[in-house]
Amino acid sequence: MSPVMKSIKDMDFSLTPFVVIWEVTQACDLACRHCRAGAVNMRDPGELSTREGFDLIDKVHSMGTQIMILSGGDPIKREDIFDLIEHGAERGLRMATIPAATPSLTPVLVGKLKEAGLAQMALSLDGPDREIHDTFRGVPGAFDLTMRGARYAHSAGIPLQINTTVGAHNIDSFDEIARLVRDLGVVFWEVFFLVPVGRGRLLKQIKAYQYERLFDKLYRFSREVDFIVKITEAQHYRRYVIEQETKNRPAGGGPLGVTLPERLTRDFGPGGSIGLAPKGVNSGNGFVFISHTGEVYPSGFLPISGGNVRNESIVDIYRDSPLFREIRDYDRLKGKCGACEFKNICGGSRARAYAFTGDYMESEPSCAYVPEDFNRVYREGKGIRRVNV
């Protein structure tokens with residue numbers, strides 16, 4: 001088991017976020033169709049300063065968090081990005097960043113990221129070819145620059161992560177994208193399911209039955225590879241994995257009494273063991289997002305602030321703000337999510353619930369599963385048919 005998985009076993013998500021993401025800037029030279037932030041090419045003078053960033057990193061470390069991601073925009077737009085990475089690495093944090101695939105991403109820059117102590121570098125890949133990827137990212141040449149960036153990471157000895165946003169724009173190309181990711185020599189593939197925020201509100205959403213079909217592909221693919229496949233903003237994938245893993249086990253154990261392979265449970269909770277107290281990382285529950293101006297959100301896709309780090313400590317906001325306390329209380333979930341036997345390991349996408357309904361405690365809108373005490377669900381043809389019982 002990896003050191004990170006050992007540490008998560010004893011984490012209390014009400015006190016310690018497993019992952020902290022700080023959006024260090026919104027400046028970016030790309031014009032991605034889904035961008036949550038509506039990134040622009042100039043930096044905001046209201047960004048947290050270097051000194052404020054150091055203080056934030058220190059407080060994140062004080063909570064017991066081990067993973068901190070510096071995101072954007074394009075984080076390399078900040079001249080102090082190397083200082084911020086170095087400061088976090090010196091504190092013992094596993095520092096990662098997500099540079100945009102632009103001409104600024106050079107072998108020299110990637111080497112400096114390595115020297116600063118970067119533990120992992122992520123690149124976005126949203127199509128198997130130039131046409132699909134460049135159209136989604138809004139700039140010709142982005143695909144080729146991503147491929148170069150992957151080579152730069154390997155040359156510098158930085159573990160490579162690929163992030164893919166899945167939606168109607170590339171759902172039919174999923175198999176080709178998966179093959180390309182496998183060939184890139186990654187250690188981590190993070191698959192984001194589109195949440196309609198920012199520019200993403202204009203994009204077509206995929207249906208619940210399409211989620212289930214992609215879950216099947218992701219589950220099968222994850223069993224074939226030796227790197228981690230993590231799903232973001234489709235928490236109900238955890239329910240799907242448990243269903244698949246329990247199909248052939250002896251009767252009597254119950255669906256939540258199974259130990260799953262670590263590569264299938266990157267954000268499930270204690271060491272891949274789904275037992276008496278299953279839990280999963282979710283918005284505000286093991287996860288926190290800090291904006292470029294210091295606003296603290298449960299998720300970058302859930303634009304409700306619990307406070308600002310310029311006015312109060314990230315520690316107090318995460319642990320004690322009414323917003324974060326409520327969103328962690330799964331007994332307050334509504335509709336199907338509130339009645340679901342998988343709610344503690346899933347919890348549904350609080351961000352998508354908010355985007356569709358205006359209520360972050362409502363049901364996950366894109367989940368096809370209906371709890372046993374609601375009604376029975378079975379698949380018929382392409383869709384989902386629900387029958388009351």
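Here the structure is shown first, and the text comes after it.
We now turn to the structure provided with this report. (Residues numbered from 1 in each chain as written. Predicted model: local features only at pLDDT ≥ 70, side-chain atom pairs only at ≥ 80, totals over all residues. Heavy atoms only, no water.)

### Description of the nonpolar core
By size, the foremost hydrophobic cluster in this structure holds 92 residues, and its most contacted members are Met 68, Trp 189 and Phe 193. No other element matches helix α8 (residues 208-224), which puts six residues into this core. Beyond its immediate chain neighbours, meaning those up to four positions away, Phe 193 contacts Val 166, Ile 206, Tyr 211, Leu 214, Phe 215, Leu 218, Ile 231, Thr 232, Glu 233, Ala 234 and Arg 352. (Core = buried A, V, L, I, M, F, W, Y, C linked by side-chain atoms within 4.5 Å. Buried < 20%, exposed > 50% of the residue type's maximum accessible area, 1.4 Å probe, protein only. Helix = DSSP H or I, 4+ residues; strand = E, 2+ residues; numbered from the N terminus. Contact = heavy atoms within 4.5 Å.)

### Let's talk about the sheet that holds strand β10 (residues 287-290)
In space, the nine strands of this open sheet follow the order β7-β6-β5-β4-β3-β2-β1-β10-β11, with mixed pairing throughout. Of all the strands in the sheet, just β7 (228-232) and β11 (296-297) have a single pairing partner and so form its edges. Note that strand β6 (residues 188-193) and β7 share five bridges and pair parallel. If you follow Phe 192 over to β7, its bridge partner there is Thr 232. Its contacts with the sheet place helix α3 (residues 81-90) against β1 (19-23), β2 (67-71) and β3 (94-97), and it is angled at close to 155 degrees to β3. (Pairing = 2+ DSSP bridges. Axes fitted to C-alpha atoms, helices over the stretch in contact; angles between N-to-C directions.)

### Topic: the packing of α8 against helix α9 (residues 237-245)
Across the interface, α8 lies against α9 with an axial gap of 10 Å and an inter-helix angle of 60 degrees. Of the possible angle classes, the one that applies to α8 and α9 is oblique. Viewed along their axes, α8 and α9 form a crossing whose handedness is right-handed. Contacts between α8 and α9 pair Glu 212, Phe 215, Asp 216, Leu 218, Tyr 219, Ser 222 and Arg 223 from the former with Tyr 237, Arg 239, Tyr 240, Val 241, Gln 244 and Glu 245 from the latter. Split into classes, the residues belonging to the contact of α8 with α9 amount to six nonpolar, two polar and five charged. (Parallel < 35°, antiparallel > 145°, perpendicular 65-115°, else oblique. Left-handed = near helix turned anticlockwise from the far one by under 90°. Nonpolar A, V, L, I, M, F, W, Y, C, P; charged D, E, K, R; others polar.)

### Focus on the side chain of Gln 235
Mapped onto the fold, Gln 235 is located in the loop between β7 and α9. Among the polar contacts listed, one links the side chain of Gln 235 to the side chain of Asn 282, at a separation of 3.0 Å. Within polar-contact distance, the side chain of Gln 235 engages the backbone nitrogen of Ser 349 at 3.3 Å. In this view, Gln 235 contacts Val 281, Asn 282, Cys 346, Gly 348 and Ser 349; residues no more than four positions away in its chain are not counted. (Polar contact = N/O pair within 3.5 Å; in protein donor to acceptor, adjacent residues only side chain to side chain.)

### Some thoughts on the pattern of salt bridges
Taken as a whole and judged by the stated rule, the model has 22 salt bridges. Glu 245 is the salt-bridge partner of Arg 223, the closest N and O atoms lying 2.6 Å from each other. With Arg 223 in helix α8 and Glu 245 in helix α9, the pair connects residues that are 22 residues apart, well separated along the chain. Because the salt bridges share partners, they merge into one network encompassing Arg 43, Glu 47, Arg 78, Glu 79 and Asp 80. (Salt bridge = Lys/Arg side-chain N within 4 Å of Asp/Glu carboxyl O.)

### Here's the deal with the environment of Leu 125
Among the secondary structure elements, Leu 125 is positioned in the loop between β4 (120-124) and α5 (130-137). For Leu 125, a relative accessible area of 0% translates into the label buried.

### Quick look at the packing of α5 against helix α6 (residues 142-156)
Where α5 contacts α6, the axes come no closer than 8 Å and their chain directions differ by 100 degrees. Considered as vectors, α5 and α6 are oriented roughly perpendicular to each other. Between α5 and α6, the contacting residues are Arg 130, His 133, Asp 134 and Arg 137 on the first element and Ala 142, Phe 143, Asp 144 and Thr 146 on the second. Looking at the contact of α5 with α6, its residues break down into two nonpolar, two polar and four charged.

### Observations regarding the packing of aromatic side chains
With the rule as written, the count across this model stands at 12 aromatic pairs. In this structure an aromatic cluster arises from ring pairing among Phe 193, Tyr 211, Phe 215, Tyr 219, Tyr 237 and Tyr 240. One Lys or Arg, Arg 328, reaches over the ring of Tyr 318 and ends 4.8 Å from the middle of that ring. (Phe/Tyr/Trp six-rings, centres within 6.5 Å; stacked < 30°, edge-to-face > 60°. Lys NZ or Arg CZ within 6 Å of the ring centre and 35° of its normal.)

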